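Fold and geometry: a report
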Amino acid sequence: MITINVTTRDGDRQQIDGQEGSALMEMLRDAGLGVDGTCGGMCSCGSCHVYIASETTLPKPSEDEADMLEGMGSIVEVRPSSRLSCQIILKPELDGLDVEIAPQF
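Predicted, not measured: the structure shown is a model, and the values here were computed from it. (Residues numbered from 1 in each chain as written. Predicted model: local features only at pLDDT ≥ 70, side-chain atom pairs only at ≥ 80, totals over all residues. Heavy atoms only, no water.)

With respect to the overall build of the protein chain
Broken down by element type, the protein chain carries two helices and five strands. Moving toward the C terminus, one meets the helices and strands of the protein chain in the order β-β-α-β-α-β-β. Its C-alpha radius of gyration of 12 Å places the protein chain within 12% of the 13 Å reference for a compact globule of 105 residues. Each of the three principal axes of the protein chain carries a C-alpha extent, and together these read 35 × 30 × 25 Å. When contacts within the protein chain are restricted to residue pairs at least 6 apart in sequence, long-range pairs at least 24 apart make up 64% of them. A total accessible area of about 5,800 Å² is found for the protein chain, and carbon and sulfur atoms account for 45% of it. When the 7 positive and 18 negative side-chain charges of the protein chain are each reduced to one mean point, those points stand 2 Å apart. (Helix = DSSP H or I, 4+ residues; strand = E, 2+ residues; numbered from the N terminus. Rg over C-alpha atoms; globule rule 2.2 N^0.38 Å. Contact = heavy atoms within 4.5 Å. Areas by Shrake-Rupley, 256 points an atom, 1.4 Å probe, with all protein chains shown as cover. Lys, Arg positive; Asp, Glu negative; His and termini not counted. Charge placed at Lys NZ, Arg CZ, Asp CG, Glu CD.)

Examining the sheet that holds strand S2 (residues 13–18)
Overall, mixed pairing links the five strands, which are arranged S2-S1-S5-S3-S4 in an open sheet. At either end of the open sheet lies a strand with only one pairing partner, and these are S2 and strand S4 (82–84). Taken over all neighbouring pairs, the strand axes of this sheet differ in orientation by 40° on average, direction set aside. Judged from the three bridges that link them, strand S3 (residues 49–52) and strand S5 (residues 97–101) form a sheet pairing that is antiparallel. Within S5, the residue paired with Val50 across the bridge is Ile101. (Pairing = 2+ DSSP bridges. Axes fitted to C-alpha atoms, helices over the stretch in contact; angles between N-to-C directions.)

Some details on the environment of Asp98
When you line up the elements, Asp98 lands in strand S5. We classify Asp98 as partly exposed; its relative accessible area is 27%. Between the C-alpha atom of Asp98 and that of Arg13, which follows or precedes it by 85 residues, the distance is 9.8 Å. Within the local environment of Asp98, its side chain forms a polar contact with the side chain of Asn5, the two groups lying 3.2 Å apart. (Buried < 20%, exposed > 50% of the residue type's maximum accessible area, 1.4 Å probe, protein only. Polar contact = N/O pair within 3.5 Å; in protein donor to acceptor, adjacent residues only side chain to side chain.)

Re the state of the cysteines
Here the structure, examined in full by the defined rule, presents zero disulfides. Of the cysteine sulfurs around Cys43, a residue in no disulfide, the closest is that of Cys86, at 5.1 Å. Its sulfur unpaired, Cys48 is 3.7 Å from the next cysteine sulfur, which belongs to Cys86. (Disulfide = S-S within 2.5 Å.)

A look at helix H2 (residues 63–72)
Residues spaced three or four apart along an α-helix face the same direction, because each turn holds 3.6 residues. Of the positions making up H2, those classed as buried are Glu65, Met68, Leu69 and Met72. The buried residues of H2 occupy an angular sector of 95° when projected down its axis, which confines them to one face. For H2, the exposed residues set more than 90 degrees away from the buried face come down to Glu63 and Glu70. Buried-residue contacts for H2 involve S3 and S4. (Arc of directions from axis to C-beta.)

In structure tokens form, the structure reads like this:
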């Protein structure tokens, strides 16, 4: 199991557990934390937007993810730490990751 520390849109903090190899979006959605994942992980809706702790090293966003985040910039705050949680696959090195769920748009 991979444990993730989540700050919700209300500012509450909680820990949730997920399976290695699954998308962070699924973990957040299944925990009922307000992440919709409307497009099912196809990187085309932005409803799974999160902010990742700055000290975390993740692979760079794909071109599709970067384009989606850029397009969302006029609607919601996009930070350097912004990611689409559908594009983050849980791995052991992400155990203890700090994630903040971005505001809904």
